[in-house]
Amino acid sequence: RKFEIKDDMFWKDNKPFRIIGGDLHYFRVHPEYWEDRLLRAKALGLNTIQTYVPWNLHEPRKGELVFHGFADIVSFLKLCEKLDLLVMLRAGPYICGEWDLGGFPSWLLTKDPPIRLRSSDPAFIELVNSWWSILLPKIHPLVYRNGGSVVMIQIENEFGSFGDDKAYLHNLVVLARSHLGSDVVLYTTDGGTRETLEKGTIMGDDVFSAVDFSTGDDPWPIFQLQKKFNPPGKSPPLSAEFYTGWLTHWNEEIASTDAEFTATYLEKILSMNGSVVLYMVHGGTNFGFYSGANTGVDESDYKPDLTSYDYDAPIREYGDVKNAKYEALRKVIAKYGEVVSVPPDNEKTAYGRIKLEKQSSLFDMISYRSHVLHSKNPISMEAAFQQMFGFVLYSSEYVPRTNGSSTTLIISIGFILQVHDRAQVFISCPEKRPTYIGLITRSSNRRAVDLPYLKCGQGKNKLLILVENMGHLNYGPYIFDRKGILSSVYLDGREHYEWEMFPISLQNLNEDINPDIAAKIHRKGLAYTNVGYLTGMYSSSADDLYQEPAFYVGHFHVERVGDTFISFRDWSKGIAFVNNNNIGRFWPSVGPQCSLYVPAPFLREGTNTLVILELESPSSELYVSSVDHPDFTC
């Protein structure tokens, strides 16, 4: 068993081999559907699967290693071997991929002094070495020469678009070889320009340089350029990311590309004996809090990604292959490779309307007696609690103006907003429920919020700022992306001190729900003894409760388990859990995604439970619907 590069070709067991592959990420697909999706990729004519390895899924907290469930990479690689699919493994440590923080665990952001990500900073290299010393020994038995499926391992990802720290890249090669020897081909992937290849290629270390470029570009001049960055005879033409679609951010139209256009440019590569990896062959879903974010012109131009990672790929988010793009690409691939029969689409089920009841305000879930940090100034969620996802509630007291006019709140340094990423502002008297005042977002031009005069018996008002982490940046120069309030807070131009911070992390993908939260959500007649400091013990009208973040719970009956979608049309923004599985963020008030995909393995026969954290206002009828189709029209 041997996989190598010579004569400008890939060779498998001493025979010329053409890679016809596709990206399919194990962590974006329910493990019970891995085989289903891989078989659909094979029916398309693929012989190779490419996947990233997200460090943050496998080590969500320092020293806490996870290799089960969605993170069971060993089982996924063994399944590829069983199905006779080779694997190109993109081991990172940085992956991008529209995944939170580009796959880095956000506890890296807690280090003091701050480490320089994606660099030869010794502190960073030491942490990468620690991680790879755990990951790569698991991979070594699974490389092709040792009887497994892994033929190539990628070093970093598109580094030439980020920096030119060659010492960093050489360090990664040394680390990889120390664990893998010469049993596997190492490679890099960079954009198909001279500048990116000069920065991202690792010359002199026997590392193959692959390229990616926009679908629609003439591939062969780029492949000729690629040859200049590989030794003679060591440059088989490979597009390591042939884009079948594109990503979508919230508040954008859903991305789509023409099937025939995509197929035409695929054939331009295959017709001249080039190799190709479809990005994506199957996108899947950013379950939990793992969807990332990008920036535009500057750091404040913040663009969070959808929960869906459908990508307009030939195998849709929910596994369907009966579509024009799958058929067009399969027709082309059939001329140059082997295709097998196509599995039928899986059944989707509409379970109907689901009635929800409000269980409690989010503020009522917070215990004052535990998990509170006192600080002179607000600090980030990572620094305060080593918290990686979710929310932080900042609480303080202030004296309102004596003349009855409003107080001006500003959270910024100069003209740069220092809220990452979305802050809901509330005020209250100690004996009253919080009143919603306004919203400050990272990408808005609104730098100030006026806090209206509120006369309280004790003379002080309470200020509550709920900050949501909507996804760490996964690409670009601002990737060191801490969350929460990152500067001082100013009231009427004066710096305001003395804050209390409460973490609200909730559970992420592949994690068990916090038992304390679960008990409180499902308990009727909540006692407010633990949260009286924040909310007081009193009753309020239903209209008042609709103005603050709250949990809603509903149940629905399943006779036969099947894939479904929960439609949140007429709701605002929040997070949903089905049977304690975090199915992701919803935000139909900006769109385009109206529904969240619920794979059948998240369901069970009989009664199923849906829990929604709605951050703004729920549907007036307090219903959602289980439907049999996705919806990207909000």
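Reading guide: rules and limits
- Residues numbered from 1 in each chain as written.
- Predicted model: local features only at pLDDT ≥ 70, side-chain atom pairs only at ≥ 80, totals over all residues.
- Heavy atoms only, no water.
- Helix = DSSP H or I, 4+ residues; strand = E, 2+ residues; numbered from the N terminus.
- Rg over C-alpha atoms; globule rule 2.2 N^0.38 Å.
- Areas by Shrake-Rupley, 256 points an atom, 1.4 Å probe, with all protein chains shown as cover.
- Phe/Tyr/Trp six-rings, centres within 6.5 Å; stacked < 30°, edge-to-face > 60°.
- Buried < 20%, exposed > 50% of the residue type's maximum accessible area, 1.4 Å probe, protein only.
- Lys NZ or Arg CZ within 6 Å of the ring centre and 35° of its normal.
- UniProt positions renumbered as here; feature names shortened; annotations may be inferred.
- pLDDT = per-residue confidence, 0-100.
- Contact = heavy atoms within 4.5 Å.
- Disulfide = S-S within 2.5 Å.
- Domains from an automatic or database assignment.
- Buried area = accessible area lost by both parts, 1.4 Å probe.
- Polar contact = N/O pair within 3.5 Å; in protein donor to acceptor, adjacent residues only side chain to side chain.
- Nonpolar A, V, L, I, M, F, W, Y, C, P; charged D, E, K, R; others polar.

(A) A look at the overall build of the protein chain. Helix and strand content of the protein chain: 13 helices and 35 strands. The C-alpha radius of gyration computed for the protein chain amounts to 26 Å, which stays within 12% of the reference 26 Å derived for 634 residues, consistent with globular compactness. Seen through its C-alpha atoms, the protein chain measures out along the principal axes to roughly 85 × 55 × 40 Å. As presented, the protein chain carries roughly 23,500 Å² of accessible surface, and 49% of it is formed by carbon and sulfur atoms.

(B) Main features of the packing of aromatic side chains. Tallied over the full model, the rule gives 40 aromatic pairs. On the numbers, 5.6 Å between centres and 35 degrees between planes, the contact of tyrosine 26 with phenylalanine 76 is tilted. Of the two residues, tyrosine 26 sits in the loop between strand E4 (20-24) and helix H1 (34-43) while phenylalanine 76 sits in helix H3 (residues 73-82), which places them 50 residues apart along the sequence. The exposure classification of tyrosine 26 matches that of phenylalanine 76, with both residues buried. When the ring centre of tyrosine 265 is taken as origin, the NZ or CZ atom of lysine 268, which lies over that ring, is 5.4 Å away. Over the face of the ring belonging to tyrosine 623 we find lysine 355, whose NZ or CZ atom lies 4.9 Å from the ring centre.

(C) Structural context of the UniProt feature "domain: Beta-galactosidase galactose-binding" (unreviewed entry) in the protein chain. UniProt's feature table lists "domain: Beta-galactosidase galactose-binding" (unreviewed entry) at residues 549-608, given in the numbering used throughout. Its end C-alpha atoms 23 Å apart, residues 549-608 is made of 0% helix and 52% strand.

(D) Summary view of the confidence of the model for the protein chain. Per-residue confidence for the protein chain gives a mean pLDDT of 92, with 93% of residues at or over 70. In this model, residues 523-545 is a region of pLDDT below 50 whose contacts with residues beyond four sequence positions or in other chains number 47 contacts.

(E) Molecular detail of the state of the cysteines. In total, this model carries 2 disulfides according to the counting rule given. Here cysteine 429 connects covalently by a disulfide to cysteine 456, the sulfurs 1.9 Å from one another. Looking along the S-S bond of the cysteine 429-cysteine 456 disulfide, the torsion reads about -85 degrees, which is the left-handed sense. In this pair, cysteine 429 sits in the loop between strand E21 (422-428) and strand E22 (435-441) while cysteine 456 sits in the loop between strand E23 (448-451) and strand E24 (461-468), placing the two residues 27 residues apart along the sequence. Judged by relative accessible area, cysteine 429 falls into the buried class, the value being 4%. Here cysteine 594 engages in a disulfide with cysteine 634; their sulfurs sit 2.0 Å apart. Judged by the torsion about the S-S bond (130 degrees), the cysteine 594/cysteine 634 disulfide is right-handed. Residue cysteine 594 is found in the loop between strand E32 (581-586) and strand E33 (595-598), and its partner cysteine 634 is found in the segment after strand E35 (623-627); the two are separated by 40 residues along the sequence. Classification of cysteine 634 by relative accessible area gives partly exposed; the value is 27%.

(F) Layout of the domain arrangement of the protein chain. Considered domain by domain, the protein chain is made up of domain 1 (3-335), domain 2 (352-358 + 513-528 + 537-627) and domain 3 (366-504). Averaged C-alpha coordinates put domain 1 and domain 2 at centres separated by 34 Å. Summed over both partners, the interface of domain 1 with domain 2 buries about 1,700 Å², with 65% contributed by carbon and sulfur atoms. When residues of domain 1 are sorted by the area they lose upon contact with domain 2, Trp250, Phe287 and Phe289 head the list and together hold 34% of the total. Here domain 1 and domain 2 share 8 residue pairs in polar contact (both at pLDDT 80 or more) between them. Looking at the side of domain 1 that touches domain 2 residue by residue, the class counts come to 9 nonpolar, 9 polar and 5 charged.

(G) Structural view of unusual backbone geometry. The peptide bond linking aspartate 112 to proline 113 adopts the cis configuration, its omega dihedral lying at 0 degrees. Tracing the chain through its elements places proline 113 in the loop between strand E6 (86-90) and helix H4 (122-139). Of the consecutive residues glycine 591 and proline 592, the connecting peptide bond is found in the cis state with omega at 5 degrees. In this fold, proline 592 is placed in the loop between E32 and E33. Even without glycine at this site, cysteine 96 takes up a positive phi of about 65 degrees. On the basis of relative accessible area, cysteine 96 is assigned to the buried category, the value being 7%. Of note, the phi angle at aspartate 312 is positive, near 55 degrees, even though the residue is not glycine. Along the chain, the position of aspartate 312 falls in the loop between strand E13 (302-304) and helix H9 (324-333). Residue classification places aspartate 312 among the buried positions, given a relative accessible area of 12%.

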